[in-house]
2 protein chains.
Amino acid sequence: MKIEKVLIVGLGLIGGSYAKGFTKNNIKVYAIDRDKKTIDYAIENNIIIDGITEPSKEYLENFDIIIFALYPKTFLEFIEKYKSNIKSGTKIFDVSGIKKSLVPRINELLDNSIEFIPTHPMAGREVYGIENADENIFINANYIITKTEKNTKNGIELAKEIAKILKFKNISILSLDEHDEMIAFLSQLTHCIAITLMACKDSTHLAEYTGDSFRDLTRIANINKDMWTELFLLNKEHLVKEMNNFITKFIEFKDMIESENIQKIKEIMQISKDRRIHFNKEIGD
Amino acid sequence: MKIEKVLIVGLGLIGGSYAKGFTKNNIKVYAIDRDKKTIDYAIENNIIIDGITEPSKEYLENFDIIIFALYPKTFLEFIEKYKSNIKSGTKIFDVSGIKKSLVPRINELLDNSIEFIPTHPMAGREVYGIENADENIFINANYIITKTEKNTKNGIELAKEIAKILKFKNISILSLDEHDEMIAFLSQLTHCIAITLMACKDSTHLAEYTGDSFRDLTRIANINKDMWTELFLLNKEHLVKEMNNFITKFIEFKDMIESENIQKIKEIMQISKDRRIHFNKEIGD
């Protein structure tokens, strides 16, 4: 399946990075973004061929593949408003960080002739906007397809093709619920920890004493607060469960330290060490 | 003050990296390590000029500067056993990650003619031993001198000179207690969090889905369990206080998510974001 032309809706960091990656691979990229300056920037910098700010039927019907790189709620609003402008047979993709509270609602709105293949590129940066877009963030990163009963073999193959073009390493297929549970633990819990570490006391005077461990743990605290608040609340159930589990285990570990249970402390450290090995990237960890 | 010759006791990662840094700056480096193979390796690789495994009086009295790169308890044992082998007028330094439970005990043991300047280079790696020694870990890192009433102007100047030779960026002077409180928050708490994150459930099957945030937060979970257990317990009071504070704030944040208090969540995220800026390194963050 050869991809020749795509439409990207939303040219933020992820949409812009997709656009750069596709363009680099000689795919014709078009875009919709509500900000005219973003469209102008992307055209001037040869990131896209052309773009518009208002999703007209005449424009949308030129595309068989549309990728939505929007916040979940904005994506939902777009589909509610413009679904009738999307032509039959179009395959649409997203990049949303939560799935269960979004995907069924999108599918309910869409005509059966339009296939929605939900995907989540596990990559990002702590900076935003088209100016910071960088196709290299996808190299060796993980790409998740959350398959639903509405997906065809062709649709899934197309998602895989997108991942390959953008140089993702692992392509996985998960259910919506498996995805959201995993993301609550691996991504949302870690962001909650980083935020709490920065917020729990005014440590700014400590910056000149710090080693790398505190920097590593709090890098992601430089957070896009609108996006992450939306993501946390849309996955509240799983996230609160993971936070509670973490609190329980953290208190257990604190008790071991308080009671100087050296054997138990070392056991936990060994488990931690053994498991961490699995998370090393082949390159650049 | 020109340093011409030093003796390093303990050629692990930090001692070995000190040795490499000094040698690179044409300082004559000698070493004591109980492992003959380590000494042989360091001589063969031109990291030191010469070394021994047993700290004899004849050897020790050749040095005006001795740097102890040992675990705190091993350092204490060394001083207890060999203090009479150290000649009058010698200045000694350490690299220990805790100070209050160690420094006064060392000073009690030492003759007043020997000056102990406690220092903490805030650098490390998640690998160990002379084979992994790398003088570049000190570049732009922080270096802390924990001054006591026994320290002379000359002693402090010498500590600063060592930091400059090794290319540390910030040199700070703290009290023993200020150091231990700071280290409990910036370093020990973060290690406890990383360990708990890895230990709190078997997440190894999730590795293929992970993004960088989980990797960043758990990199330090690949821990030297003997050393860190020792450090945690020697600083138990401060560490448990910081862990309790973190737990309180983390639960507060969880409550905001559960009750969907969007305004409060965004406020905390903004505080977190604003503070994190202070921790950016000029190079390579």
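These figures come from a predicted structure and were not determined experimentally.

1. A few points about the pairing of strand β5 (residues 91-94) of chain B
Residue and element names in this part refer to chain B.
Here's step 1: The alternating pattern of β5 places K91 and F93 and I92 and D94 on opposite faces, both of which are buried.
Here's step 2: The parallel pair strand β4 (residues 65-68) and β5, bridged by helix α4 (residues 72-82), forms a crossover whose chirality is right-handed.
Here's step 3: As defined by bridge partners, β5 adjoins strand β6 (residues 115-117) across three bridges and the pair is classed as parallel. Paired with F93 across the bridge in β6 is I117.
Here's step 4: Where the polypeptide runs from β5 across helix α5 (residues 103-109) and back to β6, its parallel neighbour, the crossover connection is right-handed.

2. Considerations on the relation of the copies chain A and chain B
Here's step 1: Overlaying chain A with chain B gives an RMSD of 0.0 Å, the required rotation being 180 degrees about an axis along which the chain moves by 0.0 Å. Overall, the copies show the geometry of a two-fold rotation axis. It is L217 of chain A whose C-alpha, among those of chain A, lies nearest the rotation axis, at 2.3 Å.
Here's step 2: Here 99% of the contact residues of chain A are again contact residues in chain B; the copies associate through an equivalent surface.

3. A word on the packing of helix α7 (residues 176-199) of chain A against helix α7 (residues 176-199) of chain B
Here's step 1: Here α7 of chain A crosses α7 of chain B at 160 degrees, and the two axes come no closer than 12 Å. Relative to α7 of chain B, α7 of chain A is oriented roughly antiparallel. Once α7 of chain A is placed against α7 of chain B, the crossing between them reads as right-handed. The segment α7 of chain A lies against α7 of chain B, with F185, L189, T190, I193 and L197 of chain A engaging F185, L189, T190, I193 and L197 of chain B.
Here's step 2: Residue composition of the contact of α7 of chain A with α7 of chain B, grouped by class: eight nonpolar, two polar and no charged.

4. Points about the sheet that holds strand β9 (residues 170-174) of chain A
All names here are of chain A.
Here's step 1: The three strands lie next to each other as β7-β8-β9, forming an open sheet whose pairing is mixed. Among the strands making up the open sheet, the edge pair consists of β7 (119-122) and β9. When the angles between neighbouring strand axes are averaged without regard to direction, this sheet yields 20 degrees.
Here's step 2: Pairing of strand β8 (residues 142-146) with β9 involves five bridges; the strand directions are parallel. Pairing of T146 across the sheet is with L174, part of β9.

5. What to know about the domain arrangement of chain A
Residue and element names in this part refer to chain A.
Here's step 1: The domain architecture assigned to chain A consists of domain 1 (5-174) and domain 2 (179-283).
Here's step 2: Computed from C-alpha coordinates alone, the two centres of domain 1 and domain 2 are separated by 30 Å.
Here's step 3: Counting residues at the interface gives 17 residues for domain 1, matched by 18 residues for domain 2.
Here's step 4: With both sides pooled, the region where domain 1 packs onto domain 2 buries about 1700 Å², and carbon together with sulfur makes up 62% of that total.
Here's step 5: The largest per-residue losses of area from domain 1 upon contact with domain 2 belong to Y71, I98 and E126, which jointly make up 34% of the total buried on that side.
Here's step 6: Counting across the domain 1 and domain 2 interface gives zero salt bridges.
Here's step 7: At the surface where domain 1 touches domain 2, the tally comes to eight residue pairs in polar contact (both at pLDDT 80 or more).
Here's step 8: Breaking the side of domain 1 that touches domain 2 down by element, the ones donating at least two residues are α4 (72-82), β7 and β8.

6. A look at the interface of chain A and chain B
Here's step 1: Contacts between the two partners involve 84 residues from chain A, matched on the other side by 83 residues from chain B.
Here's step 2: Summed over both partners, the interface of chain A with chain B comes to about 8800 Å²; 69% of that surface belongs to carbon and sulfur atoms.
Here's step 3: For the salt bridge of K236 of chain A with E260 of chain B, the shortest nitrogen-to-oxygen distance reads 3.3 Å.
Here's step 4: Among the residues making up the side of chain A that touches chain B, the classes are represented as 42 nonpolar, 20 polar and 22 charged.

7. Examining the packing of aromatic side chains
Here's step 1: Counted according to the given criterion, the structure contains 32 aromatic pairs over all chains.
Here's step 2: On the basis of an interplanar angle of 20 degrees and a centroid distance of 5.6 Å, the ring pair of F246 of chain B and F250 of chain B is categorised as stacked. Taken together, the residues span about one helical turn, with F246 of chain B and F250 of chain B both in helix α10 (residues 236-258) at a distance of four residues.
Here's step 3: Taking relative accessible area as the criterion, F246 of chain B reaches 1% and is therefore assigned buried.
Here's step 4: The buried category is assigned to F250 of chain B, whose relative accessible area is 1%.
Here's step 5: Looking at K5 of chain A, its charged tip hangs above the ring of F63 of chain A, at a distance of 5.1 Å from the centre.

8. Quick notes on the pattern of salt bridges
Here's step 1: The final tally for this structure, using the stated rule, is 28 salt bridges over all chains.
Here's step 2: Between K87 of chain A and D64 of chain A there is a salt bridge whose closest N-O contact spans 3.1 Å. With K87 of chain A in the loop between α4 and β5 (91-94) and D64 of chain A in the loop between α3 (57-60) and β4 (65-68), the pair connects residues that are 23 residues apart, well separated along the chain.
Here's step 3: Judged by its relative accessible area of 27%, K87 of chain A is partly exposed.
Here's step 4: The shortest N-O distance in the salt bridge between D202 of chain A and R275 of chain B comes to 3.8 Å. With one member in each of two chains, D202 of chain A in the loop between α7 and α8 (212-218) and R275 of chain B in helix α11 (residues 262-276) form a pair that bridges those chains.
Here's step 5: Its relative accessible area of 43% is what places D202 of chain A among the partly exposed residues.
Here's step 6: Connected via shared salt-bridge partners are D216 and R219 of chain A together with D216 and R219 of chain B.

9. Description of helix α6 (residues 153-165) of chain A
Residues and elements named next belong to chain A.
Here's step 1: Relative to the 18 Å expected for 13 residues at 1.5 Å per residue, α6 spans 18 Å between its end C-alpha atoms, a close match to the ideal helical length.
Here's step 2: G155, I156, L158, A159, I162, A163 and I165 are the residues of α6 that are buried.
Here's step 3: Phi for K167, located one or two positions after α6, is positive at around 70 degrees.

10. Examining the packing of helix α10 (residues 236-258) of chain A against α7 of chain B
Each pair of packed helices can be described by the angle between their axes along with the distance between the axes.
Here's step 1: For the pair α10 of chain A and α7 of chain B, the least separation of the axes is 10 Å and the interaxial angle reads 125 degrees. As summarised for this structure, α10 of chain A and α7 of chain B are arranged oblique, according to the angle between their axes. Where α10 of chain A crosses over α7 of chain B, the handedness of that crossing is right-handed. Where α10 of chain A abuts α7 of chain B, its residues F246, K249, F250, F253 and I257 of chain A lie against L189, C192, I193, I195, T196 and L197 of chain B.
Here's step 2: Looking at the contact of α10 of chain A with α7 of chain B, its residues break down into nine nonpolar, one polar and one charged.

The rules behind each value
Residues numbered from 1 in each chain as written. Chains lettered and ligands numbered in written order. Predicted model: local features only at pLDDT ≥ 70, side-chain atom pairs only at ≥ 80, totals over all residues. Heavy atoms only, no water. Buried < 20%, exposed > 50% of the residue type's maximum accessible area, 1.4 Å probe, protein only. Helix = DSSP H or I, 4+ residues; strand = E, 2+ residues; numbered from the N terminus. Right-handed = clockwise from strand over helix to strand, strands pointing away. Pairing = 2+ DSSP bridges. Least-squares fit on C-alpha atoms with pLDDT ≥ 70 in both. Contact = heavy atoms within 4.5 Å. Axes fitted to C-alpha atoms, helices over the stretch in contact; angles between N-to-C directions. Parallel < 35°, antiparallel > 145°, perpendicular 65-115°, else oblique. Left-handed = near helix turned anticlockwise from the far one by under 90°. Nonpolar A, V, L, I, M, F, W, Y, C, P; charged D, E, K, R; others polar. Domains from an automatic or database assignment. Buried area = accessible area lost by both parts, 1.4 Å probe. Salt bridge = Lys/Arg side-chain N within 4 Å of Asp/Glu carboxyl O. Polar contact = N/O pair within 3.5 Å; in protein donor to acceptor, adjacent residues only side chain to side chain. Phe/Tyr/Trp six-rings, centres within 6.5 Å; stacked < 30°, edge-to-face > 60°. Lys NZ or Arg CZ within 6 Å of the ring centre and 35° of its normal. Expected span 1.5 Å × (residues − 1).

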